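Residues per chain, in single letters:
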Amino acid sequence: MPRFSLIVATIGRTTELRCLLDSLARQEFRDYEVILVDQNDDDRVQDVLDDFVDRMPLMRTSSAKGASRARNAGVALASGEIIAFPDDDCWYPCGLLRNLDQWFRDNPMYSILAVGAVDEAGISSGNRWVQNSCDLHPINIFRTTFCSSLFLRRDALGNASFDEGIGPGSSTMFGCGDETDFVLNIMTSGFRGRFDRAWQIGHPRRDMLSQGVSSGRAVTYGSGMGRVLRKHSMFVLWIGLLTYDLLRGLIVVSRGRLAAASLCFAHARGLVRGFVADLDGQDVLGREAAAHLSE
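Cut-offs and rules
- Residues numbered from 1 in each chain as written.
- Predicted model: local features only at pLDDT ≥ 70, side-chain atom pairs only at ≥ 80, totals over all residues.
- Heavy atoms only, no water.
- pLDDT = per-residue confidence, 0-100.
- Contact = heavy atoms within 4.5 Å.
- Core = buried A, V, L, I, M, F, W, Y, C linked by side-chain atoms within 4.5 Å.
- Buried < 20%, exposed > 50% of the residue type's maximum accessible area, 1.4 Å probe, protein only.
- Helix = DSSP H or I, 4+ residues; strand = E, 2+ residues; numbered from the N terminus.
- Salt bridge = Lys/Arg side-chain N within 4 Å of Asp/Glu carboxyl O.
- Axes fitted to C-alpha atoms, helices over the stretch in contact; angles between N-to-C directions.
- Parallel < 35°, antiparallel > 145°, perpendicular 65-115°, else oblique.
- Left-handed = near helix turned anticlockwise from the far one by under 90°.
- Nonpolar A, V, L, I, M, F, W, Y, C, P; charged D, E, K, R; others polar.

Draft legend 1. The arrangement of the confidence of the model for the protein chain in detail. Considering every residue of the protein chain, the mean pLDDT works out to 85; 88% of them sit at 70 or more. Taken together, the stretch residues 279-295 has pLDDT below 50 and engages in 19 contacts with residues farther than four places along the chain or on a different chain.

This is the structure in structure tokens:
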């Protein structure tokens, strides 16, 4: 039984995947296995793995498209004491696994650890990591976790799984939030989580207001979070996030950043859409109104 099982759901980004595997091969702590779940069944991925197969325990499997589906497939194969979900475009700084191994030994009261992230320049990336270290709870979990940052003890998993109707590559409009839903499900079973900026992974910068995010993607992001908030009956938090998006949009408009403002409003539109929709992506309110008219 290895100490860590690292489940990598890949969509075939071979250059980024090579960078991740190289960072793992450089870890001082070597008690881990890598389970790569290929959503595209790309032959080029195997070429990358062939270069690392002698440097670490590697297993490759495949799944249908959808990050949540791929992560569930990886969990089913994992045998490690601590489970992690590095994205295929992130990287682990040297010494990370050794430090996290010691952290879990020193903190037996915690079953979930969410770490921070730095970009290529070593700058903390994304507003999800701006706050100080703290215990995870529903109020801050939406700002502190994303899947690459998660490490959790196997005994906390129980029957928890990633919702395959939410997240990147799912067949619904809910394009994110599967990791948040996953952690909330575990925490409602009584397991404690911690966010600690002392430990950080490498991850490309993805600012919600950057030109690299399209309006459609902003709607998708908001829809995923809206769905998770509705699923866990967090109406007050949904109102808070919606208000935050609208106020931020107005502030950005006042500064003349119209493109960035459109992303704020697109994300707010997604929050509304996700909160009033079922997992099949259909508008609940619209369907109920149509049923009422038909009567």
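Draft legend 2. Expanded view of the nonpolar core. Grouped together as the largest cluster of nonpolar side chains are 43 residues, with contacts concentrated most on I7, F85, I112, F142, L152 and L229. No other element matches the five residues that helix α6 (residues 178-187) contributes to this core. Among the nonpolar cores identified, the runner-up in size contains 33 residues, and L6, L36, L49 and F104 belong to it.

Draft legend 3. Examining helix α3 (residues 67-77) more closely. Every buried residue of α3 is listed here: A67, S68, A70, R71, N72, G74 and V75. Buried positions along α3 lie against β1 (4-10), β2 (32-38) and α6.

Draft legend 4. How the structure looks around the pattern of salt bridges. All told, the structure shown has 17 salt bridges when counted by the stated rule. E81 is paired through a salt bridge with R3; the nearest N and O atoms lie 3.2 Å apart. Here E81 is found in the loop between α3 and β4 (82-84), whereas its partner R3 is found in the segment before β1, with 78 residues between them in sequence. For E81, a relative accessible area of 33% puts it in the partly exposed group. Judged by its relative accessible area of 6%, R3 falls in the buried class. Between E164 and R69 there is a salt bridge; the shortest N-O distance is 3.5 Å.

Draft legend 5. Seen up close, the environment of E28. Relative to the helices and strands, E28 is located in the loop between α1 (14-25) and β2. Residue classification places E28 among the exposed positions, given a relative accessible area of 53%. Along the sequence, E28 and L97 sit 69 residues apart, while their C-alpha atoms lie 7.8 Å from each other.

Draft legend 6. Fine view of the packing of helix α8 (residues 235-254) against helix α9 (residues 258-275). Between α8 and α9, whose axes approach to 8 Å, the crossing angle comes to 160°. Regarding the angle of α8 to α9, the classification is roughly antiparallel. Remark: the crossing between α8 and α9 carries left-handed chirality. Residues F235, W238, L241, L242, D245, L246, R248, G249, L250, V252 and V253 of α8 form the contact with α9, whose participating residues are L258, A260, A261, C264, F265, H267, A268, L271, V272 and F275. Split into classes, the residues belonging to the contact of α8 with α9 amount to 17 nonpolar, two polar and two charged.

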